[in-house]
Amino acid sequence: MLIPHPLLGLRDAQEFTYLGDAALMNRPDPDASGAEAAFCDYVFLRDNPVGVHRELWFHEQGDRSWLVVTRNTLTHEILGAELASDVKAGAAQ
């Protein structure tokens, strides 16, 4: 499987480590009301979707960047990849 790294071009998936759902970038506020329950859900409750899904991948054997990869979990087709820092910055606006 080839991942289209936004800076380095196509890279073999073996260079990366898969973390999970890209929603993990939305960490709960530890000072908010109900933070303990929110963190419990954040750490232990994960979806296992079929179809198009956004995931976090770490370029461990490369430039050590984090990517948000859009992938079809049924076919493993990679539909795109973005730097996680760009995705996070876009969400903050």
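Because the structure is predicted, anything quoted here is derived from the model rather than measured.

**Q** Which residues make up the overall build of the chain, and what are the values?
**A** Summing up its helical and strand segments, the chain has two helices and six strands in all. Counting from the amino terminus, the chain carries its helices and strands in the arrangement β-β-β-α-β-β-β-α. By principal-axis analysis of the C-alpha atoms, the chain measures approximately 45 × 25 × 25 Å. Of all 93 residues assigned to the chain, the portion counted as buried reaches 34%. A total of about 6,100 Å² of accessible surface is found on the chain, and carbon and sulfur atoms cover 53% of it.

**Q** Residue-level account of the nonpolar core, with values.
**A** Judged by nonpolar contacts, Ile 3, Ala 13, Phe 16, Trp 57, Leu 67, Val 69, Ile 78, Ala 81 and Leu 83 together constitute the single largest core of nine residues. Looking at this core, the elements with two or more residues in it are β5 (66-72) and β6 (78-83). For this core, the leading source of residues is β6, giving three residues. Grouped together as the second largest cluster of nonpolar side chains are seven residues, Ala 22, Leu 56, Val 68 and Val 87 included.

**Q** If you had to explain the environment of Pro 4 to someone new, which residues and values would you point to?
**A** One can find Pro 4 in strand β1 (residues 2-5). Between the C-alpha atom of Pro 4 and that of Tyr 42, which follows or precedes it by 38 residues, the distance is 28 Å. Every residue in contact with Pro 4, bar those within four places of it in the chain, is listed here: Gly 9, Leu 10, Ile 78, Gly 80 and Ala 81.

**Q** Describe the pattern of salt bridges, and please don't skip the residues or the numbers.
**A** Side chains that differ in sign of charge can pair as their charged atoms come close. Tallying each qualifying case throughout the model produces three salt bridges. Between Arg 11 and Glu 15 there is a salt bridge, with its nearest N and O atoms 3.1 Å apart. What makes Arg 11 partly exposed here is its relative accessible area of 28%. Between Arg 54 and Glu 82 there is a salt bridge; the shortest N-O distance is 3.1 Å. One end of the pair, Arg 54, is in strand β4 (residues 52-58); the other, Glu 82, is in strand β6, and 28 residues separate them in sequence. Judged by its relative accessible area of 36%, Arg 54 is partly exposed. What makes Glu 82 partly exposed here is its relative accessible area of 35%.

Scoring rules and cut-offs
- Residues numbered from 1 in each chain as written.
- Predicted model: local features only at pLDDT ≥ 70, side-chain atom pairs only at ≥ 80, totals over all residues.
- Heavy atoms only, no water.
- Helix = DSSP H or I, 4+ residues; strand = E, 2+ residues; numbered from the N terminus.
- Buried < 20%, exposed > 50% of the residue type's maximum accessible area, 1.4 Å probe, protein only.
- Areas by Shrake-Rupley, 256 points an atom, 1.4 Å probe, with all protein chains shown as cover.
- Core = buried A, V, L, I, M, F, W, Y, C linked by side-chain atoms within 4.5 Å.
- Contact = heavy atoms within 4.5 Å.
- Salt bridge = Lys/Arg side-chain N within 4 Å of Asp/Glu carboxyl O.

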